[in-house]
Amino acid sequence: MNVLGILPFARQLLQNVVSKGDSVIDGTAGNGHDTLFLAQLVGEAGRVYAFDIQETAICKTKERLLEHNALTQVTLFQKGHQEANGLVPANVHGNLAGAIFNLGYLPGGDKSIVTTPETTLKAIHDIFLMLKKGGIIVLVVYHGHEEGKKEKAQLLDYVSNINQTDGHVLSYQFLNQKNNPPFIVAIEKR
Ligand code: SAH
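Just so we're clear, the structure is a prediction, and the values are computed from it rather than from any experiment.

(A) Highlighting helix α3 (residues 55-67). Relative to the 18 Å expected for 13 residues at 1.5 Å per residue, α3 spans 18 Å between its end C-alpha atoms, a close match to the ideal helical length. For α3, the complete set of buried residues consists of Ala-57, Ile-58, Thr-61 and Leu-65. Down the axis of α3, the buried set is contained in an arc of 95 degrees. They therefore lie on one face. Exposed residues pointing more than 90 degrees away from the buried face of α3 are listed as Glu-55, Glu-63, Leu-66 and Glu-67. Elements in contact with the buried residues of α3: α2 (33-42) and β3 (74-77). Of the residues flanking the end of α3, it is Asn-69, one or two places downstream, whose phi is positive at about 60 degrees.

Below is the structure:
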């Protein structure tokens, strides 16, 4: 396949805007793959603020970071991303280069613990305000499960109504794949 798949495209978007020394957010640490990717992009001079409400996710993420010698530049919060506004230091507000969210449930974990529309939208609202000009929020939307369908609908409604003078809002998806494959919504601050 010559077009980028969903996860490579999500990473490409982040890579375009995140440099060494930057501050970024992983809104859903999960198994820590994106936290590690971001930690490597920002390097030791940068900072990743990573959130997950599940202890197992925070532990897995920490282990992965330690394995790759990348824990020093990461702050892990076992807290909901909807609390980011109060937890991310004030000097980062207005200077954030990027953020990523993988919505849905933790792969291999408890499928009843999922991201929810209200908290996801609050986090996006607050984190959008933290972005610097040109900064990007990337959302990978998993919508195969029942809760995910509602979250997808509310998310699309919310981002479609962001004023075009405030942000560029993009969707990237394969239209002919079966079984509700994940797709990307990205918001770039103007
Ligand atoms: N569905 C994706 C991975 C999603 S992981 C995939 O298949 O690859 C989603 C993570 O979000 C889970 O680890 C879950 O614990 C976490 N989560 C759920 N609600 C959250 C919240 N309010 N704040 C932060 N993390 C949350």
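(B) Spatial organisation of the environment of Val-42. Along the chain, Val-42 falls in helix α2. Along the backbone, Val-42 and Gln-15 are 27 residues apart, and their C-alpha atoms lie at a distance of 9.9 Å. Setting aside its immediate chain neighbours within four residues, Val-42 contacts Val-18, Ser-19, Lys-20, Gly-21, Asp-22, Val-24, Arg-47, Val-48 and Gln-73.

(C) Structural view of the side chain of Glu-151. As for its placement among the helices and strands, Glu-151 is situated in helix α6 (residues 146-160). Lys-150 provides the closest opposite charge to the buried, unpaired Glu-151, separated from it by 11 Å.

(D) View of unusual backbone geometry. The phi dihedral of Asn-69 falls on the positive side, at around 60 degrees, and the residue is not glycine. The topology assignment puts Asn-69 in the loop between α3 and β3. Here the phi dihedral of Asn-179 falls at roughly 65 degrees; this positive angle occurs in a residue that is not glycine. Assignment of secondary structure puts Asn-179 in the loop between β6 (167-172) and β7 (183-189). On the accessibility criterion, Asn-179 (73% relative accessible area) is exposed.

(E) Local environment of the pattern of salt bridges. Scanning the entire structure with this criterion turns up four salt bridges. For the salt bridge of Asp-22 with Lys-132, the shortest nitrogen-to-oxygen distance reads 3.7 Å. A residue pair is termed long-range when its members are at least 10 positions apart, and Asp-22 in the loop between α1 (6-17) and β1 (23-26) and Lys-132 in strand β5 (residues 131-141) qualify at 110 residues. Asp-22 sits in the buried class, given a relative accessible area of 12%. Between Lys-150 and Glu-147 there is a salt bridge whose closest N-O contact spans 3.6 Å. Of this pair, Lys-150 and Glu-147 both sit in helix α6, three residues apart, which is roughly one turn of the helix. Of the residues examined, Lys-150 reaches a relative accessible area of 45% and is grouped as partly exposed. Take Glu-147: its relative accessible area is 28%, and that puts it in the partly exposed class.

(F) View of the site of the ligand. As a matter of local geometry, the ligand sits amid 19 residues, with Asp-52, Gln-54, His-81, Gln-82 and Leu-103 nearest to it. One of the backbone N or O atoms of Leu-103 is found 3.0 Å from a nitrogen atom in the ligand. Tyr-105 is positioned with one of its backbone polar atoms (N or O) 3.2 Å from a nitrogen atom of the ligand. For the ligand, the protein covers 90% of the area, taking 580 Å² as the surface of the free molecule. Its atoms largely coinciding with the cavity grid, the ligand occupies the largest pocket. Residue composition of the shell around the ligand, by class: seven nonpolar, 10 polar and two charged.

Cut-offs used in this document
Residues numbered from 1 in each chain as written. Predicted model: local features only at pLDDT ≥ 70, side-chain atom pairs only at ≥ 80, totals over all residues. Heavy atoms only, no water. Helix = DSSP H or I, 4+ residues; strand = E, 2+ residues; numbered from the N terminus. Expected span 1.5 Å × (residues − 1). Buried < 20%, exposed > 50% of the residue type's maximum accessible area, 1.4 Å probe, protein only. Arc of directions from axis to C-beta. Contact = heavy atoms within 4.5 Å. Lys, Arg positive; Asp, Glu negative; His and termini not counted. Salt bridge = Lys/Arg side-chain N within 4 Å of Asp/Glu carboxyl O. Near = heavy atom within 4 Å. Polar contact = N/O pair within 3.5 Å; in protein donor to acceptor, adjacent residues only side chain to side chain. Areas by Shrake-Rupley, 256 points an atom, 1.4 Å probe, with all protein chains shown as cover. 1 Å grid on protein atoms, 1.4 Å probe; cavity = no way out; pocket = protein on both sides within 12 Å on 5 of 7 lines; lining within 4 Å. Sits in = over half its atoms within 2 Å of the grid points. Nonpolar A, V, L, I, M, F, W, Y, C, P; charged D, E, K, R; others polar.

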